[in-house]
Amino acid sequence: MGITLAIETSCDETSAAIVKDGFEVLANVVDTQIEMHAGYGGVVPEVASRAHLLKVQPVIEQALSYAQVTEQDIDLVSATYGPGLIGALLVGVSCAKSLALAWEKPFVGVNHVEGHLFACLLDHQIEPPFIVLLVAGGHTQIVQVEELGNYKVLGSTIDDAAGEAYDKVARYMGLGYPGGPIIDRLAHDGDPEAIKFPRGLNDDSYNFSFSGLKTAVINYVRKHPETKDADLAASFQEAVVDVLVNKTVAAAKGAGINKISIGGGVSANSRLRAKLAQTCEQQNISCYLPSLAYCTDNAAMIASAAAWKFNKYGPTALDAGAYPTLKLEYPN
Ligand code: KG4
Ligand code: ZN
């Protein structure tokens, strides 16, 4: 299968990776812009694009150097081409297409969400069919993987993504950005039963809703300003994790599938990982967790998806663009 160079610039991390034979990570360099956006409480698209432009080349050079490979060793050049911020995506896509042209190598555009789905495969061999919960700042969905490339979206959020809910609640609490890891840490010292927050969209569907929970947190703090931040964080987190775990396990049972994996930034959440693993064990379901480095945005997962996609579908034409709302479906 050879050696793949991948570039990921869909949001606020500039990343380049070198992956051998689809799954062996030789280098995975991630340069995060978190500090640049922290003062604004969220990602500023224009700031992100400009920072990617400055960082993309050094990050690629570092990845080549860590992996101890040169351009001659690269067999495939790839980049995330959607979904994401248009200006940010354009930097990675233009860079990858230029390198592919200059080095006379094939190019493959990768769906970022499919990249998150492949993250778990860097650590585990999971034979389809399996269920994957994809939870990040920009998306939340339960996907049935019949086989790689054949995806059935069983449910999605109807409003905020799970990571977005963490970020918005953290911003309201004045905790900083991104909210997920901060709330995760804070929750360790809090009581998850302190406040019984509503479990959004508590129905038979596999869809999610998190905006009501965010409003419930705000209303609660207004009424009870003395509440400890740690209790608030733990109780909010429990409400999110409860629904994510219950619906994912129900989806697996409904589909008659006994393998579950997760991906996306929120899959780094310690409570989600613990509760999903525990619930799966009780229900005789195999649970596959990606290592933390592959949960948040990184190019290794993009390289893995690219290598598989190239083998199955061949190269992406060099007149491909960047697609901010790209869906998880084939052909794409
Ligand atoms: O996958 P990612 O890096 O970017 C997107 O594709 O959106 O995910 C970023 C999201 C942010 O909303 C961040 O707050 C959340 O993942 N996140 C977490 C944790 N680490 C990152 N959420 C909960 N707990 C964490 N430990
Ligand atoms: Zn992501």
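On a predicted model such as this, the values are computed, not experimentally measured, just so you know.

Reading the values: the criteria
Per chain, residue numbering runs from 1 following the sequence as it is written. Chain letters and ligand numbers both follow the written order, the letters beginning at A and the numbers at 1. Given that the model is predicted, a residue must reach a pLDDT of at least 70 before its local features are reported, and side-chain atom pairs must reach 80 or more before they are shown or counted; all residues, however, enter totals for whole chains, interfaces and linings. Calculated side-chain values reflect all of the structure's heavy atoms, with hydrogen atoms and water omitted. Helix and strand definitions follow DSSP, with helices as H or I runs of at least four residues and strands as E runs of at least two, each counted in order from the N terminus. Only protein chains enter the area calculation, which uses a 1.4 Å probe; residues under 20% of their type maximum are buried, those over 50% are exposed, and those in between are partly exposed. Two residues form a contact once any of their heavy atoms are found within 4.5 Å. To be near a molecule or strand, a residue needs just one of its heavy atoms within 4 Å of it. Within 3.5 Å is the distance limit for a polar contact, defined as a pair of N or O atoms, with the added protein rule that one can donate a hydrogen and the other accept it, and that residues adjacent in sequence qualify only through two side-chain atoms. Each accessible area is a Shrake-Rupley result for a 1.4 Å probe, and residues are judged covered by the shown protein chains and nothing else. Ten residues, namely Ala, Val, Leu, Ile, Met, Phe, Trp, Tyr, Cys and Pro, are considered nonpolar, four, namely Asp, Glu, Lys and Arg, are considered charged, and the remaining ones, Gly among them, are considered polar. For Na, K and Ca the donor cut-off is 3.2 Å, and for all other metals it is 2.8 Å, counting N, O and S atoms only; because water is absent from this set, sites may look incomplete. Two kinds of site are reported from a 1 Å grid over the protein atoms alone, namely cavities, where a 1.4 Å probe fits but cannot get out, and pockets, open sets with protein on both sides within 12 Å along at least five of seven lines, and residues are called lining when an atom falls within 4 Å of a point. Grid points are joined across faces, edges and corners, and a volume is the space filled by probe spheres set on the points. Only the six-membered ring of Trp is used, alongside the rings of Phe and Tyr, when aromatic pairs are assigned; centres must lie within 6.5 Å, and planes under 30 degrees apart are stacked while those over 60 apart are edge-to-face, with the rest tilted. At least two DSSP bridges between two strands are required for those strands to pair. Note on geometry: axes are C-alpha line fits, over the in-contact stretch for helices, and angles between N-to-C directions span 0 to 180 degrees. Where each domain starts and ends comes from a domain assignment, either automatic or drawn from a database. When two parts are brought into contact, each loses some accessible area as probed by a 1.4 Å sphere; the total of that loss over both is the buried area. For this document, the term salt bridge refers to a Lys or Arg side-chain nitrogen within 4 Å of an Asp or Glu carboxyl oxygen.

(A) The environment of I74, seen in detail. One can find I74 in the loop between α2 (45-67) and β4 (76-82). Assessed through its relative accessible area of 0%, I74 is described here as buried. Those residues in contact with I74 that sit more than four places away from it in its chain are I3, L5, I18, L64, V69, W103 and K105.

(B) Molecular detail of the site of ligand 1. Near ligand 1 lie 21 residues; those nearest to it are G137, D167, D184, N269 and D297. Separating an oxygen atom of ligand 1 from a side-chain N or O atom of H116 is a distance of 3.1 Å. A distance of 2.9 Å separates an oxygen atom of ligand 1 from a polar atom in the side chain of D297. Coverage of ligand 1 by the protein chains reaches 91% of its 550 Å² of free accessible surface. Of all the elements, helix α6 (residues 179-187) adds the most residues to the shell around ligand 1, at 4 residues. Along the lines of polarity and charge, the residues of the shell around ligand 1 split into 6 nonpolar, 12 polar and 3 charged.

(C) Highlighting the coordination of the zinc ion (ligand 2). Protein-derived ligands of the zinc ion (ligand 2) are H112 (NE2), H116 (NE2) and D297 (OD), with the metal-ligand distances lying across 2.0 to 2.1 Å. Mapping the donors of the zinc ion (ligand 2) onto the primary sequence gives the spacing H-x3-H-x180-D. One end of the pair, H112, and the other, H116, are both in helix α4 (residues 112-119), 4 residues apart, so they sit about a helical turn from each other. H116 carries the same exposure label as H112, and that label is buried.

(D) Geometry of the layout of surface pockets. Approximately 1200 Å³ is the volume found for the largest pocket. Taken together, 47 residues line the largest pocket, and the ones lying closest to its centre are A136, G137, G138, G163 and D167. Sorting the residues of the lining of the largest pocket by element identifies β3 (24-32), α4, α5 (162-172) and α6 as the ones contributing at least two each. In terms of residue count, the dominant contributor to the lining of the largest pocket is α5 (6 residues). Its residues assigned to classes, the lining of the largest pocket shows 18 nonpolar, 18 polar and 11 charged.

(E) Expanded view of the packing of aromatic side chains. Tallied over the entire structure, the rule returns 9 aromatic pairs. When the ring of Y151 is compared with that of Y330, the centres are 6.3 Å apart and the planes differ by 50°; the resulting orientation is tilted. One end of the pair, Y151, is in strand β8 (residues 150-156); the other, Y330, is in the segment after α10 (299-313), with 179 residues separating them in the sequence. Residue Y151 shares its accessibility class with Y330, and that shared class is buried. Three or more aromatic residues joined by ring pairs make a cluster, and in this case those are F118, Y151, W308, Y313 and Y330.

(F) How the structure looks around the pairing of β8. Across 6 bridges, the pairing between strand β7 (residues 140-147) and β8 is antiparallel. Bridge pairing links E147 to N150 in β8. The hairpin formed by β7 and β8 contains 2 residues between the paired strands, and G149 there has a positive phi angle of roughly 90°.

(G) Summary view of the sheet that holds strand β1 (residues 3-8). Taken in spatial order, the 5 strands of this open sheet run β3-β2-β1-β4-β5, and their pairing is mixed. Looking at which strands have only one partner, the edges of the open sheet turn out to be β3 and β5 (107-111). Averaged over all pairs of adjacent strands, the angle between their axes in this sheet comes to 20°, without regard to strand direction. Here β1 runs beside strand β2 (residues 13-20); their pairing, made up of 6 bridges, is antiparallel. If you follow E8 over to β2, its bridge partner there is S15. Along the sheet, helix α3 (residues 86-103) contacts β1, β4 and β5; its crossing angle with β4, the most-contacted strand, is approximately 160°. Seen against the sheet, α10 touches β1, β2, β3, β4 and β5 and runs at an angle of roughly 125° to β1.

(H) Representation of the domain arrangement of the protein. You can read the domains of the protein as domain 1 (3-117 + 296-313) and domain 2 (126-289). If you average the C-alpha positions of domain 1 and of domain 2, the two centres end up 27 Å apart. At the junction of the two partners, domain 1 supplies 15 residues and domain 2 supplies 17 residues. In this assembly, domain 1 packs against domain 2 so that about 1300 Å² is buried in total across both faces, 68% of it on carbon and sulfur atoms. Summed over the three residues of domain 1 that lose the most area to domain 2, namely V113, H116 and L117, the buried surface amounts to 42% of that side. Between the two partners, domain 1 and domain 2, sit 1 salt bridge. A salt bridge links K312 to E147; its shortest N-O distance comes to 3.9 Å. If you look at where domain 1 meets domain 2, you find 3 residue pairs in polar contact (both at pLDDT 80 or more). Of all the elements, α4 adds the most residues to the side of domain 1 that touches domain 2, at 5 residues. Grouping the constituent residues of the side of domain 1 that touches domain 2 by class yields 6 nonpolar, 6 polar and 3 charged.

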